[in-house]
Structure formats: structure tokens, C-alpha cells
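Each chain, written out:
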Amino acid sequence: METVEMNNISLKRPHSEDDAANADEIKRQKISENSKTGSNSEQSVQTVIEQPDESMLEDTKNEIIPNEEGEEQEDEELEDSDEDGDPESFADMMKHGLTESDVGITKFVSCHKGFSGILKERYSDFVVHEIGKDGRVSHLDDFTVPVDDEDPSEETFTVLSDEDKKRLEELQLLKNKETSVAIEVIEDTKEKRTVIHQAVKSLFPGLETKTEDRDGKKYIIAYHAAGKKALANPRKHFWPKSRGSYCHFVLYKENKDTMDAINVLSKFLRVKPNIFSYMGTKDKRAITVQEIAVLRITAQRLAHLNKCLMNFKLGNFSYKNHPLKLGELQGNHFTVVLRNITGTDDQIEQAMNSLREIGFINYYGMQRFGTTAVPTYQIGRAILQNNWNEVMDLILKPRPGAEKGYLVKCREEWAKTKDPAAALKKLPVKRCVEGQLLRGLLKYGMKNIISAFGIIPRNNRLMYIHSYQSYVWNNMVSKRIEEYGLKAVPGDLTLKGATAVHIEEGDVHNYTIHDVVMPLPGFDVIYPKHKIGEAYKEMLVADNLDINNMRHKIRDYSLSGAYRKIIIRPQNVSWEVVAYDDPRIPLFTTDLDKLEGKPLPVLPTDGKFRALKMEFSLPPSTYATMAIREVLKMDTSIKNQTQLNTTWLR
């Protein structure tokens, strides 16, 4: 086994899922031309990779803060309206972004020749199935609803008119001054009144009902029994004791991230997002299948959403007595199609065999470090240095690169006035990090930046210091592999249970590179007893930090550290090369295709293009992009992805 340095690599961006076929053909011609001119170098690759945001799937550690009530649609519209623009200026702006070498990603473990392929040409070319803690892979394969005597009838979902539902929702969410809503019973029977009572109580948690006579007519009166708290706490007495409190289901989603999906579900169900739980978040540009649990919402209500939701399907319902916990999973199983590959059969065989037998360097992927000219690790470093003016400046100052127009105006206003109120007025969306920090500065003043920064949700604040840890880890692992190669050496670290121990000279033959771990810096870890141990200290000293004092005066920012394997060997690796003519057709069937009985398109035996279909399983907190990087020998940074975009986008 040998290691290979990463050279500069030029990449291109593909069209979206809905682009016209002629754009496909033009692009393909350009890719082919570029491949011919750039295929002599062992590390060369002309790769098309899906562009910037939310591209590569990290498996589970992304932490997303739910949208604030009522803001989901506003943000969505703003994002959609701001994405169009001059592609040349976009490519030019992305020159300010990071490359892999900027964050320490410089080595490969395999020695095969790199080849090109199109990653995520269609979001349906990237499918993720969650692996639960019991090792079971999540699949959507059953729409059956478990029924018991307590379930409301199907009429419950249709007895209320759209106008009634609108008025009830406004009452439930306290959006108007009404204290009650009256629904006239047109066909007055006891059965009909019972159905309306059930419909209001089951579809609008927190509302109570009663029957009143008015002018000789019967009305069902809906009202709040417990004020605002009722919305967040569905009525306990309305849930059968014999039924588990949580409805677990499989969520199949296309082109939506997990938190977006939960916000949509909560909006349709008229409940708060925090009654949902899950084991890991899944990125947007993919088809993903994962388990979700929700408190005291019936499978019947959830299944009803299948009739009205786009890009979601819910199934495999069951009732259990526990929610799901973040991180409580074994990993994810990936099915990835790399289209228009140029590698020979031998190259592909070498690359995939290497992935299966050796694995890939377990780098933190590019999405860990942000997509703008101010990397998240720089903010994390300033937090650890206790340099709060620098933290404020890095988050709010103008920066080159691709950003939403309103953020650019906000930053310009801040640079000009240093007035939080004035800068905040430029932001139509207040829940972004910039808006939250400005609100904090407005509340606590410019002399109390620590408290102002504390308004940002905890997970987002910790993301910055975790990014710095990841930055250090990537750099140290590259140094470790450069210095000692792909074998265990005396002084390396390995885990005995949860405890790290040094590998001794007389014991080194019992270990391989797959046993070696490296620490993320912190006060509760030990470091290698060779040159890399000293390299950790030198890197932190250069950043004005003391490796022997990683406790912070603010407890949240004290780093205990952790250990991470330096090489990951994927499980369940398989692959095949398929031929195809039409770039718009799917190359495998999804769970939903199988449920709907869709056959796989018949593929030609000798098509115009070739695709590599690969499957593999990864443990939590590893990046699928780093595995694909090893196969293709490609740079996954946005900067490199957009270097040649200008030509293609004309």
C-alpha cells in the first residue's frame, strides 16, 4: 500500500434534475473533451459534482435547528428567489472558498489511476438507508396502518370543510382574537356530532369541543381549554393506555433535508416540531430513508398525509413506548451512481477493490468547514482563544464569495455603522446566525459579546469549535500518514474498549492501520508518543492555544476531546458497471418504485455512456464523499467544483 499526494484537480458542475436533454449532451461533450486532455496524470480527474449547498452526505452528526414558528415559507421563498444570477460571477465568487488542502485533506491510500464520473447528476443517483442500532436497514415497504378500536373513522378526515379547518387552525395557533369557533351541524344526528367532535380533537390538538343550541340549530363549539400550552402538549387522556405513546414510522423523502421534512409534517399535523425524534439528520440532495418517532400522533393521521405531501412517503408504522435518540444508530447504507465514467474496467476494479480491502482516510468532509470565505474553524479558534471581538467580526464582517443578497447588505451596513439595529433591518430572515447575533448585541450591548453570542442556539455555537477540532484532526492525520505510511507504529494510539492506549514496540505486530486512532484535541485525551504528538502541540501553539489547557472559562466551550479511526473500511461493498443512453432515466429502483410496482427501465447492453453503481455501508460520523473521493481521486471542495463552471454554464 502506498499513499498518494493530492494535486490540483479541475471539476465541473452538472445540471439540475429537470434540465433539458440538449444541455446534457452539450455538457457530456465538454466532459469528454476535458477527459481526453487531462487523463495522463495518475491523479487527474475531470469530475462533475453537484454544486455547493448540502451536496455531500455526511451521515448523522449534522445538527439542524428547527425553523421558528411561521417562518418556514418566508425563508423558502427568499432562498428560491435569490439563487438566480450570473453564473460567471458565481464561479468567480467561489474562488474565495476553501480547497481540500486548506483543511488538511491531502492524502490518498490507494495507488490506482483516477478517473472521471458525474456524482449526483440527479439527486436520485444518491440513496441513503439508515442502519438502526439493531443493525436493521430502514426500508419503506409497507403502507399498512395498525388499527385499533380507538382510532377515529375515515370520516373524521373529511367531515370538516376547508373553511372550518382554516378557522380552527387559526384558533389553535392563536392567530386571531377569536376565543371559539362555531361549526354548524348540517345533518343533525348524534353520530354526525360525534364525528365532528372527534375530528376537531384529533386534528387540532389542544382544542376542546361542546354542543350548543343556537336559534334552533345545533353547533359544535371549539375552544382552547388550556391556553397556549395545549398546542405543545397533546391531550394525554385522548390516547389509549394500551398503545405505545410514540408512533414510529419510516420516512422516505426526496430532495429535502430531515429538519425541513419535520417542519412540513408538523405544519400539516398542526403540532410543534419538537414532538418528533430521530437518530440522524439526512441531507437534502438525495433520496433518504430513515426512522422517525412522534409523540401521540396516530398512524392513521400520519398515513393520511401520503395523499397530500410531495416528495415524502410515510409507512412501516408501529407504536412503541420510547422516542428515538440522536446518534443511536449503526450508520447508513449508501447506493451511489457515478455517471459517464471514463475509467477502464481494470481501473474501476482496482479502485473498488481498494475501497473494500483498504478503505479510505476518515477525513472530515468539506461541508464541516462551511461554504463561504470565512471558514467555521476560524470562528471556533477565536472562541477557544476567548477573542470575542474576533468572533463577532468573523461572523458579521463583509466577506467575498457567494451569499444571499440580503446578507451582503446586512454585512455592509454593519461594517459602515456597527449598529446592530440598523444591520438587523437589512435582514428579512432573522433566524440565521447573523440575525441571532445581532439580536443578542441589541439586547446585551457591544460590551457583552459573550452573552450576545449565547443567543445563538447551543448546537450552532458548538459547531464552530467542533469544526476547529476537525481542522486540527485532518491536518494531523495527513502528517501521520506522510510520516509513517499505512502501518501501525510504536507510539500510535489504539482503543481498548473506550480507553486509548499507546502501541508499544514489542506489541506493534498485533496491530494494523485499521486499529489506529487519532485524538481530537481536548483535556481528556492522550496524544501519540511519536513526532505527531509534538505536531499537535506545535499546531495549537501557532494558534495561540495550549494543548494542556483545553478547558474554557465558559463550560460549553471546554473541549474534552475524542478519538477517531484514521482509516475506515466500508462494509457491504458491491459495484457494477452499467451502460445507458438517456441520462434522465434512473439506473436502479427505489423503495417507492418497488411499492408502486414500477419496473426498472431496460438498459442497453452497449449504450453511449457507462455508469458505476456502487453500494457500501459506513458507521456514524463518516463522510460518504471521502469514500467517493478515494475511488475517483477527486477534490470535493466547492472552489474546485466551480473552477471550470464558467465555460460550461455559458
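The preceding data block contains the structure.
Model, not experiment: these values are computed from the prediction.

Visitor: Please provide a residue-by-residue account of the sheet that holds strand β18 (residues 516–520), values included.
Guide: Pairing within the open sheet is antiparallel, and its 4 strands lie in the order β17-β16-β18-β19. If you trace the sheet from one side to the other, it starts and ends with β17 (499–502) and β19 (562–565), each paired once. For this sheet, the mean inter-axis angle between neighbouring strands, taken without regard to orientation, is 55 degrees. Bridging between β18 and β19 involves 4 bridges; their strand directions are antiparallel. What sits directly across from M518, in β19, is R564.

Visitor: Describe the packing of aromatic side chains, listing the residues and the values that go with them.
Guide: One pass over the full model with this rule turns up 14 aromatic pairs. An aromatic cluster is defined as three or more aromatic residues linked by ring pairs; in this entry it consists of F369, Y377, Y468 and Y471. Over the aromatic face of F108 sits the side chain of R629, whose NZ or CZ is 4.0 Å from the ring centroid.

Visitor: Any details on the environment of T342? Residues and values, ideally.
Guide: Topologically, T342 is positioned in the loop between β14 (329–339) and α9 (345–357). With 227 residues separating them in the primary sequence, T342 and F115 have C-alpha atoms 5.9 Å apart. Polar contacts involving the side chain of T342 include one to the side chain of S116, which spans 2.9 Å.

Visitor: Before we move on, can you summarise the side chain of Q469 with the specific residues and values?
Guide: Tracing the sequence through the fold places Q469 in helix α16 (residues 458–484). Note on Q469: relative accessible area 7%, which makes it buried. Apart from the residues within four sequence positions on either side, Q469 is in contact with L520, P521, L559 and G561.

Visitor: So, helix α5 (residues 190–203): which residues are in play, and what are the values?
Guide: Here α5 is 14 residues long and its end C-alpha atoms lie 20 Å apart, about the 20 Å a rise of 1.5 Å per residue gives. Three or more residues of α5 are buried, namely K192, R193, V195, I196, H197, A199, V200, S202 and L203. Check the buried side of α5 and you find it contacts α4 (162–172), β7 (180–184), β8 (207–214), β9 (217–224), α7 (258–269) and α8 (299–304).

Visitor: Could you give an account of the packing of helix α12 (residues 405–417) against helix α14 (residues 433–444), with specific residues and numbers?
Guide: One can describe the packing of α12 onto α14 by two numbers: an axis separation of 11 Å at closest approach and a directional angle of 30 degrees. The angle between α12 and α14 places the two elements in the roughly parallel class. Crossing handedness for the pair α12 and α14: left-handed. On α14, the residues touching L407, C410, R411 and W414 of α12 are E434, L438 and L441. The residue inventory of the contact of α12 with α14, partitioned by class, reads 5 nonpolar, no polar and 2 charged.

Visitor: Account for the pairing of strand β12 (residues 287–295), with residues named and values stated.
Guide: Along β12, 9 of the 9 residues are buried, which leaves the element largely enclosed by surrounding structure. Side chains I287, V289, E291, A293 and L295 of β12 all project onto a buried face; the interleaved residues T288, Q290, I292 and V294 project onto the opposite face, where all are buried too. Both strand β6 (residues 126–132) and β12 contribute to a ladder of 3 bridges, which runs parallel. Each bridged residue has a counterpart across the sheet, and for V128 the counterpart in β12 is T288. Pairing of strand β10 (residues 246–254) with β12, which is carried by 9 bridges, proceeds in the antiparallel orientation. Looking at β12, one finds that V250 is bridged to E291. One ladder, built from 3 bridges, connects strand β11 (residues 276–278) with β12; its direction is antiparallel. Considered in β12, the bridge of F276 is made with V294.

The rules behind these values
Residues numbered from 1 in each chain as written. Predicted model: local features only at pLDDT ≥ 70, side-chain atom pairs only at ≥ 80, totals over all residues. Heavy atoms only, no water. Pairing = 2+ DSSP bridges. Helix = DSSP H or I, 4+ residues; strand = E, 2+ residues; numbered from the N terminus. Axes fitted to C-alpha atoms, helices over the stretch in contact; angles between N-to-C directions. Phe/Tyr/Trp six-rings, centres within 6.5 Å; stacked < 30°, edge-to-face > 60°. Lys NZ or Arg CZ within 6 Å of the ring centre and 35° of its normal. Polar contact = N/O pair within 3.5 Å; in protein donor to acceptor, adjacent residues only side chain to side chain. Buried < 20%, exposed > 50% of the residue type's maximum accessible area, 1.4 Å probe, protein only. Contact = heavy atoms within 4.5 Å. Expected span 1.5 Å × (residues − 1). Parallel < 35°, antiparallel > 145°, perpendicular 65-115°, else oblique. Left-handed = near helix turned anticlockwise from the far one by under 90°. Nonpolar A, V, L, I, M, F, W, Y, C, P; charged D, E, K, R; others polar.

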